[in-house]
Number of protein chains: 2
Amino acid sequence: MGATKTEHFTDQQNQIAIIAKALGHPARIAIIEYLQKVNTCICGDIVNELPLAQPTVSQHLKELKNAGLIKGNIEGNAICYCIDEKTFDVLKNYFSTIIQTVTNQKCC
Amino acid sequence: MGATKTEHFTDQQNQIAIIAKALGHPARIAIIEYLQKVNTCICGDIVNELPLAQPTVSQHLKELKNAGLIKGNIEGNAICYCIDEKTFDVLKNYFSTIIQTVTNQKCC
DNA sequence: ATTTTATATCGTAATATTGCAATATAAAAA
DNA sequence: TTTTTATATTGCAATATTACGATATAAAAT
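The name given to chain A in an unreviewed UniProt entry is Metalloregulator ArsR/SmtB family transcription factor, with the source organism recorded as Flavobacterium hydrocarbonoxydans.

Draft legend 1. The arrangement of the overall build of chain A in detail. Counting secondary structure elements, chain A contains five helices and three strands. The order of α-helices and β-strands along chain A, N terminus first, is α-α-β-α-α-β-β-α. When its C-alpha atoms are laid out on the principal axes, chain A stretches across 55 × 35 × 25 Å. In chain A, buried positions account for 48% of the 108 residues. Contacts in chain A between residues far apart in sequence, at least 24 positions, make up 51% of those at least 6 positions apart.

Draft legend 2. Spatial organisation of the side chain of B:Arg28. All names here are of chain B. Residue placement: Arg-28 occurs in helix 2 (residues 26-38). Only 2.9 Å separates the side chain of Arg-28 from the side chain of His-60, close enough to count as a polar contact. If sequence neighbours within four positions are ignored, Arg-28 has contacts with Lys-21, Ala-22, His-60, Glu-63 and Leu-64.

Draft legend 3. Focus on the confidence of the model for chain A. When pLDDT is averaged along chain A, the result is 92, and 94% of the positions lie at 70 or above. Here strand 1 (residues 42-43) of chain A is the element of chain A with the lowest mean pLDDT, 78, and helix 1 (residues 11-22) of chain A is the one with the highest, 98.

Draft legend 4. Layout of the sheet that holds strand 1 (residues 42-43) of chain B. Residue and element names in this part refer to chain B. Taken in spatial order, the three strands line up as 1-3-2 in an open sheet, and their pairing is antiparallel. Edge positions in the sheet fall to strand 1 and strand 2 (70-75), since each of these pairs with one other strand and no more. In this sheet, strand 3 (residues 78-83) lies alongside strand 2 in antiparallel orientation, the contact comprising six bridges. Bridge assignment links Asn-73 to a residue of strand 3, and that residue is Cys-80. Its contacts with the sheet place helix 4 (residues 54-66) against strand 2 and strand 3, and it is angled at close to 115° to strand 2.

Draft legend 5. Examining the relation of the copies chain B and chain A more closely. Laying chain B over chain A is done by rotating through 180° and shifting 0.0 Å along the axis; what remains is an RMSD of 0.0 Å. Expressed as an axis order, the relation between the two copies is that of a two-fold axis. Taken as a fraction of all interface residues of chain B, those also at the interface in chain A reach 100%, which identifies the copy contact as same-surface.

Draft legend 6. Inspection of the protein's contact with DNA strand C at higher detail. Around DNA strand C, the surrounding shell holds 29 residues, and the nearest of these are B:Gly2, B:Lys5, B:Gln54, B:Ser58 and B:Tyr81. For DNA strand C, the fraction of atoms within 4 Å of the protein that belong to sugar or phosphate moieties is 70%. A:Ala53 has a polar backbone atom sitting 3.0 Å from a phosphate oxygen of DNA strand C. The side chain of B:Lys5 places a nitrogen or oxygen atom 2.6 Å from a phosphate oxygen of DNA strand C. In terms of residue class, the surface near DNA strand C is built from 10 nonpolar, 13 polar and six charged.

Draft legend 7. Geometry of the pattern of salt bridges. All names here are of chain B. A full pass over the atoms with the stated rule returns four salt bridges over all chains. The salt bridge involving Lys-86 is made with Asp-84; its shortest N-O contact spans 3.1 Å. Given a relative accessible area of 10%, Asp-84 falls into the buried group.

Draft legend 8. Fine view of the sheet that holds strand 2 (residues 70-75) of chain A. Residues and elements named next belong to chain A. If you trace the three strands from one edge of the open sheet to the other, you get 1-3-2, paired in antiparallel fashion. Two strands lie at the open edges of the sheet, namely strand 1 and strand 2, each paired on one side alone. Sheet topology note: the strand 1/strand 3 (residues 78-83) ladder contains two bridges and is antiparallel. Directly across from Ile-42, in strand 3, lies its bridge partner Tyr-81. The strands touched by helix 2 (residues 26-38) are strand 1, strand 2 and strand 3; relative to strand 3, the strand with the most contacts, the crossing angle is about 90°.

What counts, and at which threshold
- Residues numbered from 1 in each chain as written.
- Chains lettered and ligands numbered in written order.
- Predicted model: local features only at pLDDT ≥ 70, side-chain atom pairs only at ≥ 80, totals over all residues.
- Heavy atoms only, no water.
- Helix = DSSP H or I, 4+ residues; strand = E, 2+ residues; numbered from the N terminus.
- Buried < 20%, exposed > 50% of the residue type's maximum accessible area, 1.4 Å probe, protein only.
- Contact = heavy atoms within 4.5 Å.
- Polar contact = N/O pair within 3.5 Å; in protein donor to acceptor, adjacent residues only side chain to side chain.
- pLDDT = per-residue confidence, 0-100.
- Pairing = 2+ DSSP bridges.
- Axes fitted to C-alpha atoms, helices over the stretch in contact; angles between N-to-C directions.
- Least-squares fit on C-alpha atoms with pLDDT ≥ 70 in both.
- Near = heavy atom within 4 Å.
- Nonpolar A, V, L, I, M, F, W, Y, C, P; charged D, E, K, R; others polar.
- Salt bridge = Lys/Arg side-chain N within 4 Å of Asp/Glu carboxyl O.

Written as structure tokens, this is what we have:
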């Protein structure tokens, strides 16, 4: 026990959960908001924006990248990061569908 | 070390992270999808829908409720659960803004 | 009153996450 | 070529999450 029982759920359920989980930390939200604010890919500079040590930031960036929320291109000795909208679109559409279905719910 | 440094981030960043985190588990996504499917509040019945023991489901329901994603009303000896769209709206709008900002990004 | 049904809480083991110092890597600058 | 700069990886301690058996609670049914 202790580990998530992913095998009991559908691929789509697991995929949505993985994306949501990656966004489930304020440092990672702060990274996304920074990339949104500068509105371009950023080479370097992310570590200085956050109140966390460099290895910690690197780890958070890796998780966002694994979930498909950001893209990273090597650019010399720096790495250019930017938001990958496609994955945000997946989430947005998923939530939109839920909201639409539920809006006229005959509920308590 | 080990604990999330919430105090370094804004209230909004923490709030979005808390909601996303609550959705970051396939069992909780499955619960949301079940509530969406039946399209009404459900009294009882959720435990039988999931491949997890009753205390585990109860715990997941509590987390969804704490994050504001579902509402629960006591109805006799059962509890009626349903989706709380307001919180999904918060997320949807948040992601919509990100997507809009980023769509014309001059990126790598 | 007792039993059943639905749900919550407690305790705890297994596992995962968070954060960082130390170190590694690899390109750029000197 | 040495140093600097940017980032990743490793290893580990602190903490959090996941899952569930056992047990508690409380209303409904008998």
